Every structure is written in C-alpha cells, then in structure tokens.
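# Secondary and tertiary structure notes
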Amino acid sequence: MPQPDLPLFSASNARRVHSQPANRPSGVGLPLSDQQMVSWLRLIRSENVGPQTFRQLINRYGSATNALEALPDLARRGGAAKRIRIATEDEAISELEAAGRLGARFVAWSEAAYPRYLLAIDGPPPLLAVAGSNDVLARPMVGIVGSRNASLSGRKLAAQFAAGLGREGFVIVSGLARGIDAAAHEASVATGTVGVLAGGLDRLYPPENEDLARRIRQGEGALISEMPFGWEPRARDFPRRNRLISGVSLGIVVVEAAVKSGSLHTARFAAEQGREVFAVPGSPLDPRAEGTNELIRNGATLIGRPEHIIEALAPLIGRDPPEPTVYEPAPEDYDDLGPASDDARRMIVEALGVTPISIDDLLRETGLPPGVVQMVLLELNLAGRIERHGHGRISLLM
C-alpha cells in the first residue's frame, strides 16, 4: 500500500506546516520523495484535475498513487462520456527533466519553501515550478500591477514603490508583462522580486522580457508558475496567474488600470483572499486611471508614497494569513465513505444549474451529508460536468 502523501490538506494542517515565521530555515517541512513527486505531477496534469479536485482526491484516498487508480471509476460514476485521460509516468518524468534543464524545481504545498500566504487561498496549486531563489519566497511580498500601456509617470511611480519597498525588505511580485509590471521588476531585481508566469516556465510572455526574466532568476529573485512546462499561455490563463500574484502577497498595489484591466482582476482576487488593496489615484481624463479611481471609490487605500504601503503592511508581517472563506472538506469527511447512491447523485444534479451556487446552499437544498455531496461533486468534476467558480460556487455544464 502506498504511503500517504502527508500532510492531508486542511486549514489546520496548513497552519501547522507553515507555523514558522516568514524567515523560517529551509528544509523545515515534509518534502516529497521522488516517486511521490512523479505521482503528484501525474495527478495534477490529468484531465479535469485542478487544485481543488487534487486536494479532495488526496484527502479521500491518502496518496496521489491511490487517487490515480481511482480516477477512471470516479469519472465513470460521474457520467463521463469517454475514459478520462490520465498523465503517464513518462510525461511526468519528462516534465521533471525539462525543469532540470532550466535549473528549476517543483515545490509542493507540504514543503517549507512553499509560500505560506499562497497556501491559505481557495485552491492553492499543489505544485509550484520555481526557477531562482527559494529564500525569496519566504520573505514578505507585495504585488505591484498595472497597465501594459503605461504612461511614463506610471512606470516611474511603479519603480519608486518597488525600490522603496525593496529597501525595507519586501519582495516585489508581478506578472512580467510590459509597462507597470516590468518597471516594478526592474527596480527590485537587486532587492528581491518574483515573476509569476501564465504559461510554463519555459514559455515566457512577452518574449522581449527574456533578459529581465534571466536577471530575476540569476539574482535575488525567482520565477514561478503552476502551469506545465511547454504550456503556451492563453488569454484564460492570465486570471489564474493573477490569483497567484495576489495569493503570495500581503497586499496588492495598482498603479494604472483601465476599467476592464486584468489588474482589476488581481485586485478583486486580493480582496477575496483577505489581502490589502492599494491604488494610486489619477486624472479623471486618463482612461488608464479609471480603474484605479474606481478601486478607491470602492474602498481601496489611496497611496502616494511607499511609506503609505509600509505603514499598512508592517503589522501583518509574521502573522498567519487569513483563512480561506469557503468550506474545505477535511479527511474525516470521507471516513468510511463508499460510492454515493444513485439517488444522492440525482438529487445533486437536479439541484445544480447553469447559475453558480455555493456548496453550503447545495447542502441545505439536498439535506445530504457533506461527505456525500463532496464525493458526488468530485465524480461530476472528473466527468467534466461541473464548473468551479470563486467563493466555492459551482455550476452544471450543459
């Protein structure tokens, strides 16, 4: 019988593994064995397995190896039209070799090198690909984001904020995009910066920032991604990247952002994750300031100098991150739980629709035990029949 991939994921385990201060020594934690790493990679790269589904599978079956064996039957019970695709061992080993060629490695959520604030979000990635310094991920981080088509003054402000925060020991996080992102990274290469990629670590976007990425990786910084090596970033991958930018950070600074900017998605993720949101005001005549001005109107903290950010974030350093606000099934929810009955499955499918609802509402509507509901949702997820939304909401795919 394969050994459990401990610790089983729950909020209490998350706090226990990462209860050390932000400057905890490397090596504290529970690293995966080589075989466990292969199994974890296979599981997270398999069809319809995202971070939340991965967590539930580990909690239910105790190890990625056991979960991989269970996938076909779970998907069949959920009504899958065809056999689910499971990543092979050769594919996982090839990805590990690709990471090695780049000088990168994978960090699991059970390991001390995993960013402690990221562990507290709804659905943290089980594995992060990291190229560069591990130490930088243990320091307090601040995200700086904004317009790709940034003004000269916007880029200058981003650089001033990044440099000022860096001098006080903060690591600057951004998405390696043009404009505000690049300015923030450039100003903090020497003090510590983290670039979060929407594609694989070997698929940098945009290509003109390749030299900047190399300097980050070789200096006091790191590049991170949850996507597979070889993965070309698509438009829908950037919101996933933005959730990581806010997830690793104590707070997010938005310098310039249009009304429909991706930076506002990052700010929204930050608010949902219990992070601080800061915004730089701008002229009402500049479209690049519409989003930041709107953030301030909706409660974001108005800032003009790095000191404003430092003053707000200093009391948070060393504290536990906010706990996820959605229900997370613990291992005991699955104790002695076999396959759900057809009646339970029918009740849950009938209660779902194209409009997202919360799991709490589903529990109230059906009256079924939490473990049964989670088991059916796991089956439906693996069958490709439901979609997961923010705040633990789900909808049925028609």
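Residues numbered from 1 in each chain as written. Predicted model: local features only at pLDDT ≥ 70, side-chain atom pairs only at ≥ 80, totals over all residues. Heavy atoms only, no water.

### A look at the packing of helix 6 (residues 152–167) against helix 12 (residues 306–313)
- Where helix 6 meets helix 12, the axes come as close as 9 Å, and the angle between the chain directions of the two elements is 45 degrees. In this view, helix 6 runs oblique relative to helix 12, as classed from their interaxial angle. Crossing of helix 6 over helix 12 shows right-handed handedness. Contacts from Q160, F161, G164 and L165 of helix 6 reach helix 12 at P306, I309 and I310. (Axes fitted to C-alpha atoms, helices over the stretch in contact; angles between N-to-C directions. Helix = DSSP H or I, 4+ residues; strand = E, 2+ residues; numbered from the N terminus. Parallel < 35°, antiparallel > 145°, perpendicular 65-115°, else oblique. Left-handed = near helix turned anticlockwise from the far one by under 90°. Contact = heavy atoms within 4.5 Å.)

### So, the confidence of the model for the protein
- Put simply, the protein has an average pLDDT of 89, and 89% of its residues get 70 or more.
- A low-confidence stretch, residues 6–28 stays under pLDDT 50, and its non-local contacts, those more than four residues away or across chains, total 48 contacts. (pLDDT = per-residue confidence, 0-100.)

### Things to note about the pairing of strand 5 (residues 193–196)
- Alternating positions in strand 5 separate into two faces, T193 and G195 on one and V194 and V196 on the other, with burial throughout.
- Bridging between strand 4 (residues 171–174) and strand 5 involves 3 bridges; their strand directions are parallel. Residue pairing in the sheet places I172 in a bridge with T193 of strand 5.
- Across 4 bridges, strand 5 lies against strand 6 (residues 221–225) in parallel orientation. By the bridge assignment for strand 6, V194 is matched with A222.
- Since strand 5 and strand 6 lie parallel, the crossover through helix 8 (residues 210–218) that links them has a hand, and here it is right-handed. (Buried < 20%, exposed > 50% of the residue type's maximum accessible area, 1.4 Å probe, protein only. Pairing = 2+ DSSP bridges. Right-handed = clockwise from strand over helix to strand, strands pointing away.)

### Comments concerning the packing of aromatic side chains
- Applying the stated criterion across every chain, the model contains 5 aromatic pairs.
- For the pair F54 and W109, a centre-to-centre distance of 5.6 Å together with 85 degrees between the ring planes defines the contact as edge-to-face. Within this pair, whereas F54 is found in helix 3 (residues 51–61), its partner W109 is found in the loop between strand 1 (104–108) and strand 2 (127–132), the two being separated by 55 residues in sequence.
- On the basis of relative accessibility, which here comes to 0%, the residue F54 falls in the buried class.
- Across the ring face of F238, the terminal group of R148 is positioned such that the distance to the ring centre comes to 5.7 Å. (Phe/Tyr/Trp six-rings, centres within 6.5 Å; stacked < 30°, edge-to-face > 60°. Lys NZ or Arg CZ within 6 Å of the ring centre and 35° of its normal.)

### Points about the sheet that holds strand 10 (residues 357–358)
- Ordered in space as 10-12-11, the 3 strands form an open sheet in which the pairing is antiparallel. Strands with a single pairing partner mark the edges of an open sheet, and in this sheet they are strand 10 and strand 11 (386–388).
- Where strand 11 meets strand 12 (residues 393–396), 3 bridges bridge the pair, whose relative direction is antiparallel. Along strand 12, the bridge assignment pairs I386 with L396.

### Focus on helix 9 (residues 237–247)
- The element helix 9 is largely enclosed, with a buried count of 9 among its 11 residues.
- The set of residues buried in helix 9 consists of D237, F238, R241, N242, R243, L244, I245, S246 and G247.

### Examining the sheet that holds strand 8 (residues 276–279)
- Taken together, 9 strands build an open sheet; the order of strands is 1-2-6-5-4-3-7-8-9 and the sheet is mixed. Each edge of the sheet is formed by a strand with only one pairing partner; in this case those strands are strand 1 and strand 9 (301–302).
- As paired strands, strand 3 (residues 141–145) and strand 7 (residues 251–254) are joined by 4 bridges and run parallel to one another. Paired with V142 across the bridge in strand 7 is G251.
- Sitting on the sheet, helix 8 touches strand 2, strand 5 and strand 6, and the angle it makes with strand 6 is about 110 degrees.

### Concerning unusual backbone geometry
- Omega for the bond connecting Y205 with P206 falls within 30 degrees of zero, at 0 degrees, which places this linkage in the cis form.
- Within the fold, P206 resides in the loop between strand 5 and helix 8.
- Located in the positive-phi region is N48, a residue other than glycine, with phi close to 65 degrees.
- For N48, the location among the structural elements is in the loop between helix 2 (34–44) and helix 3.
- Even without a glycine there, the phi angle at L176 is positive, about 60 degrees.
- With respect to the secondary-structure elements, L176 resides in the loop between strand 4 and helix 7 (180–186).
- According to the relative accessible area criterion, L176 is buried, its value standing at 1%.

### Some words on the nonpolar core
- Judged by nonpolar contacts, the single largest core of 73 residues is most densely connected at W40, L43, L57, L71, L127, V194 and L382.
- Apart from the residues lying within four places of it in its own chain, the contact partners of L382 are E47, N48, V49, T53, L57, L71, L74, A75 and I84. (Core = buried A, V, L, I, M, F, W, Y, C linked by side-chain atoms within 4.5 Å.)

### A few points about the pattern of salt bridges
- Taken as a whole and judged by the stated rule, the model has 25 salt bridges.
- Of the charged contacts in the structure, one is a salt bridge between E272 and R268, with a shortest N-O distance of 3.2 Å. Residue E272 and its partner R268 are located together in helix 10 (residues 262–272), separated by 4 residues, close to a single helical turn.
- Among the ionic pairs, R346 bridges to D343, the shortest N-O distance being 3.8 Å. (Salt bridge = Lys/Arg side-chain N within 4 Å of Asp/Glu carboxyl O.)

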